[in-house]
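Structural overview for review
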Amino acid sequence: MTQDELKQSVAQAACEYVATHLPNGAILGVGTGSTANFFIDAVAQIKERIGGAVASSEATRLRLEAHGIRVLDLNSVIDEGRDMPIYVDGADEVDANLAMIKGGGAALTREKIVAAVAGRFVCVCDQSKLVAQLGRFPLPVEVIPMARAQVARALAKLGGEPRLRTGVITDNGNAIIDVHGLAITDARQLEIEINQITGVVTNGLFACRGADVLLLASEHGVKTMLA
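Values in this document were obtained by computation on a predicted structure and should not be read as measured data.

1. Focus: the overall build of the chain
A tally of helices and strands in the chain yields seven helices and 13 strands. At 17 Å, the chain has a C-alpha radius of gyration in line with the 17 Å of a compact globule built from 227 residues. Counting every position in the chain, which comprises 227 residues, the buried fraction comes to 52%. Within the chain, counting contacts between residues at least 6 apart in sequence, those at least 24 apart form 74% of the total. Split by element, the accessible area of the chain, about 10200 Å² in all, is 49% carbon and sulfur. Across the chain, 21 positive and 26 negative side-chain charges occur, with their mean positions spaced 2 Å apart.

Below, the structure written as structure tokens:
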């Protein structure tokens, strides 16, 4: 199977998961990236069961709306006292504890916000994303533009090689620094430490709030892993 075929299979499995576990008329959180795009295309089959969706990026919002799925503002959802039982998103890397690196699509901040609100985070990946230790994929860090050089210097002191992702501005108007070569032995602690650097908006480690469920696609089918 090609990687796209694996992504399509796990996206369909995630759609079936939503159909089974999302209460009728409830709000669904939707992530960003190629696997999330396949999921959006699949979940359009059951859009009449969904009370609305919260998008983690402008690109996701546009794709949802193109399928006729109503996109809601997260603040309005919370102000109205509504719950968001499930958030579905991919990952650039995920470990056996369901901690992740995310942000290859530069949507890490909004993804982290939506994940924080969701009752259950369902991660959808193909088997190539499952790793024994996080860090082979460069760690994205969203930074306030004027703090770019100062943050890069602080990140270098942590043992990584920070590189500005050129030509990329996030939906929040910020820059992305990708940190290469980090040895991530304690993902939760590193997530907290990097977020304390002045000028950092957030980083792409999803360890303090990892996934609750991992749907992992391989040529043998889709495996379900629980945190």
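2. Focus: the side chain of S57
Its location among the elements puts S57 in the loop between strand 2 (52-55) and helix 3 (58-66). Within the local environment of S57, its side chain forms a polar contact with the side chain of T32, the two groups lying 2.7 Å apart. A distance of 3.1 Å separates the side chain of S57 from the backbone nitrogen of T60, its partner in a polar contact. Setting aside chain neighbours within four positions, we find S57 in contact with T32, A107 and D171.

3. Remarks on helix 6 (residues 148-157)
An α-helix turns once per 3.6 residues; consequently, residues spaced three or four apart project the same way. Taken as a whole, helix 6 has its buried residues at V151, A152 and L155. Here the buried residues of helix 6 occupy an arc of 100 degrees about the axis, which is enough to place them on one side. Exposed side of helix 6, more than 90 degrees from the buried face: R153 and K157 are the residues found there. Directly beyond the C-terminal end of helix 6, a positive phi value near 105 degrees is found at G159.

4. Some remarks on the pattern of salt bridges
The final tally for this structure, using the stated rule, is 11 salt bridges. Here K102 ties to D89 by a salt bridge, and the two come within 2.7 Å at their closest N and O atoms. Highlighted residues: K102 in the loop between strand 5 (100-101) and helix 5 (108-117) and D89 in strand 3 (residues 86-89), separated in sequence by 13 residues. D89 carries the same exposure label as K102, and that label is buried.

5. Some remarks on the nonpolar core
Counting residues in hydrophobic clusters, the biggest one holds 29 residues, and the most contacted among them are V18, L28, F39, V43, I86, V88 and L215. With eight residues, the single largest contributor to this core is helix 1 (residues 3-21). Dropping the residues within four chain positions of it, L28 is found in contact with V18, L22, F39, V43, I50, G52, A53, V54, M84, I86 and V88.

Criteria and cut-off values
Residues numbered from 1 in each chain as written. Predicted model: local features only at pLDDT ≥ 70, side-chain atom pairs only at ≥ 80, totals over all residues. Heavy atoms only, no water. Helix = DSSP H or I, 4+ residues; strand = E, 2+ residues; numbered from the N terminus. Rg over C-alpha atoms; globule rule 2.2 N^0.38 Å. Buried < 20%, exposed > 50% of the residue type's maximum accessible area, 1.4 Å probe, protein only. Contact = heavy atoms within 4.5 Å. Areas by Shrake-Rupley, 256 points an atom, 1.4 Å probe, with all protein chains shown as cover. Lys, Arg positive; Asp, Glu negative; His and termini not counted. Charge placed at Lys NZ, Arg CZ, Asp CG, Glu CD. Polar contact = N/O pair within 3.5 Å; in protein donor to acceptor, adjacent residues only side chain to side chain. Arc of directions from axis to C-beta. Salt bridge = Lys/Arg side-chain N within 4 Å of Asp/Glu carboxyl O. Core = buried A, V, L, I, M, F, W, Y, C linked by side-chain atoms within 4.5 Å.

Remember, this is a structural readout, not a statement about activity or role.
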